[in-house]
Amino acid sequence: MKKRLVCLLLAFVLLSGLCPAALSAAPAVPPPDAWYEIFVRSFYDSDGDGIGDLRGVTEKLDYVASLGCGGIWLMPIMPSPSYHKYDVTDYYDIDPEYGTLADMRAMLAEAHAHGMCVILDLPVNHCSSEHAWFQSALTGPESPYRSWFNWSDSPQSGYSEGGGVYYESRFVDTMPDLNLDNPAVREEIAAILRFWLEEVGVDGFRLDAVTSYYTGNVEQNLSFLNWLADTAHAIRPDCFLVAEAWTDLNTLARYSESRIDSFFTFPVSQAEGYIAKVLGGRGKQAGKKLGEYVALLEDTLPANTVPAPFTENHDTGRTVGFTGRGNPAKTKMAGGLLCLMRGAVFLYYGQEIGMVGSGEDPNKRIGMLWTDETSTTLPPPGATQIEYAYPSVSEQEADPGSLLNYYRAALRLRREYPAIARGTSRVLPCEFDEICLIERSWAGQDLLLVINPSVSPTQLSPADYPPGYSRLAASLCTGPEFSVIFQPEGTVLHMPAYSIAVLTK
Ligand SMILES: [Ca+2]
């Protein structure tokens, strides 16, 4: 325990960019402000069997650290009959495809030595139909596990037939929903949390499918989430919990009132999300739209929550799907806008090199392109599109103007100016619809973010931004041939297409 705290303190020191603590239970170490989601199977294969594994993750920790992400979210790693492993058959072990508990402990030790936190995907809405609990429950009402699941004598929506009766299975018949009202089930979940937090040493959890805990009942979901949060924080006050409530902004605001640290900000993500809408069309209103969306988030989500914005994850189309394969500048800008969001931002592996994928889930989860296509893991079963729109990691590392190096620069900006992730946020009026002005204040530092998410270069004279901001502290542009120019010092600000400037007083 002591060692972990030392590691987390080290993380705190190393990563100056940390987000506002919503950890209500204790004055805890705040979570990192940038995270990296890894699908272990498709990330890096250490032993040549074509399947990514935990040793592969360990080998690539330097790479994740080089991006500037202080946290890693591992998609499910527990034993499971499926390739995606969201249907667990044993909550206390590692799937042999990925390695062993010893590999996991070694990976955690190395991640902590890098100053990084690691959280585990935890699906407890359902388990696998092959789990011993469900196999026993299927034998009949006498099974001690019968009451661990929800049964019906008649067919109904969200139920599947098993042994002449019907069991709740909201996603698919191979994923029976657990009966979360059963005290024995809650006791088991508490033991699972304790095992991973105390005996293995993970730093928290990503909670899968929380709106399905009690389908259609937000109040019951909130009550269960509060129980989960209290249980986990009692085991380890500084563990980080981020939950998947795939829902609209107003419902997300209700969920965010719970004692869970953070919820993924789904309205920001995907082709229908805020960032895509800002970058859509010719972008004449892009700055104005961005300001409206940022203000909407600030006004709607409770102040004590850590927003967790993202543009893509394992269930969604990739970002390049809405920015366009032939539009590296817009693709960079989507990443730049994401990295300016308040809270804990989440990148999905391969996003930083512009990986593509849409349609069937396996297409969104193909092998990370490290060098060339012979360097990737085997495609997940069912993948129908295995193609890459942008060069590999090694090619992009060698190109200062690559998307990968843009992401690194954007995350460096976020780290160097913690007010971006943690500050109070105020959208300021602006004369130009192309431009968005956002003020962030944190720990005595005031920043002015000047953002041009449009294709129109724009000049701002001193009357167009608040007084006092006379220093161009940093800037981020999408093409090597452009830069933000502020001259004579503290007067006219020249913002190229798709550019970001950070001004200080
Ligand atoms: Ca392997």
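Residues numbered from 1 in each chain as written. Predicted model: local features only at pLDDT ≥ 70, side-chain atom pairs only at ≥ 80, totals over all residues. Heavy atoms only, no water.

### A closer look at the coordination of the calcium ion
Then comes step 1: Protein-derived ligands of the calcium ion are Asp 45 (OD), Asp 47 (OD), Asp 49 (OD), Ile 51 (O) and Asp 53 (OD), with the metal-ligand distances lying across 2.2 to 2.3 Å.
Then comes step 2: Mapping the donors of the calcium ion onto the primary sequence yields the spacing D-x1-D-x1-D-x1-I-x1-D. (Donors = N, O, S within 2.8 Å, 3.2 Å for Na, K, Ca; no water.)

### So, unusual backbone geometry
Then comes step 1: Between Gln 487 and the following residue, Pro 488, the backbone shows a cis peptide bond with an omega angle of -15 degrees.
Then comes step 2: Phi is positive for Ala 209, which is not a glycine, with a value near 55 degrees.
Then comes step 3: Structurally, the position occupied by Ala 209 is in the loop between β7 (204–207) and α7 (218–235).
Then comes step 4: Ala 209 sits in the buried class, given a relative accessible area of 5%.
Then comes step 5: Its identity is not glycine, yet Gln 270 carries a phi of approximately 70 degrees, on the positive side.
Then comes step 6: Following the sequence through the fold, Gln 270 ends up in the loop between β9 (262–265) and α9 (274–279).
Then comes step 7: Given the relative accessible area of 15%, Gln 270 is considered buried. (Helix = DSSP H or I, 4+ residues; strand = E, 2+ residues; numbered from the N terminus. Buried < 20%, exposed > 50% of the residue type's maximum accessible area, 1.4 Å probe, protein only.)

### Some points on the pairing of strand β13 (residues 436–442)
Then comes step 1: The element β13 is extensively covered by neighbouring structure, given that five of its seven residues are classed as buried.
Then comes step 2: Pairing analysis gives five bridges linking strand β12 (residues 424–428) to β13, with the strands arranged antiparallel. Of the residues in β13, the one forming a bridge with Leu 428 is Leu 437.
Then comes step 3: Of the pairings in the sheet, the one linking β13 to strand β14 (residues 445–452) comprises seven bridges and is antiparallel in character. Directly across from Ile 438, in β14, lies its bridge partner Leu 449. (Pairing = 2+ DSSP bridges.)

### So, the packing of helix α6 (residues 183–200) against α7
When two helices pack together, their arrangement is given by the angle between the helix axes and by the axis-to-axis distance.
Then comes step 1: Two elements in contact, α6 and α7, have axes separated by 10 Å at closest approach and are oriented at 40 degrees. With respect to α7, the element α6 is oriented oblique. You can see that α6 and α7 cross each other, and the crossing is right-handed. Counting all contacts with α6, which are made through Arg 186, Ile 189, Ala 190, Leu 193, Arg 194, Leu 197 and Glu 198, the residues of α7 involved are Phe 224, Trp 227, Leu 228, Thr 231, Ala 232 and Ile 235.
Then comes step 2: Taken together, the residues that form the contact of α6 with α7 break down as nine nonpolar, one polar and three charged. (Axes fitted to C-alpha atoms, helices over the stretch in contact; angles between N-to-C directions. Parallel < 35°, antiparallel > 145°, perpendicular 65-115°, else oblique. Left-handed = near helix turned anticlockwise from the far one by under 90°. Contact = heavy atoms within 4.5 Å. Nonpolar A, V, L, I, M, F, W, Y, C, P; charged D, E, K, R; others polar.)

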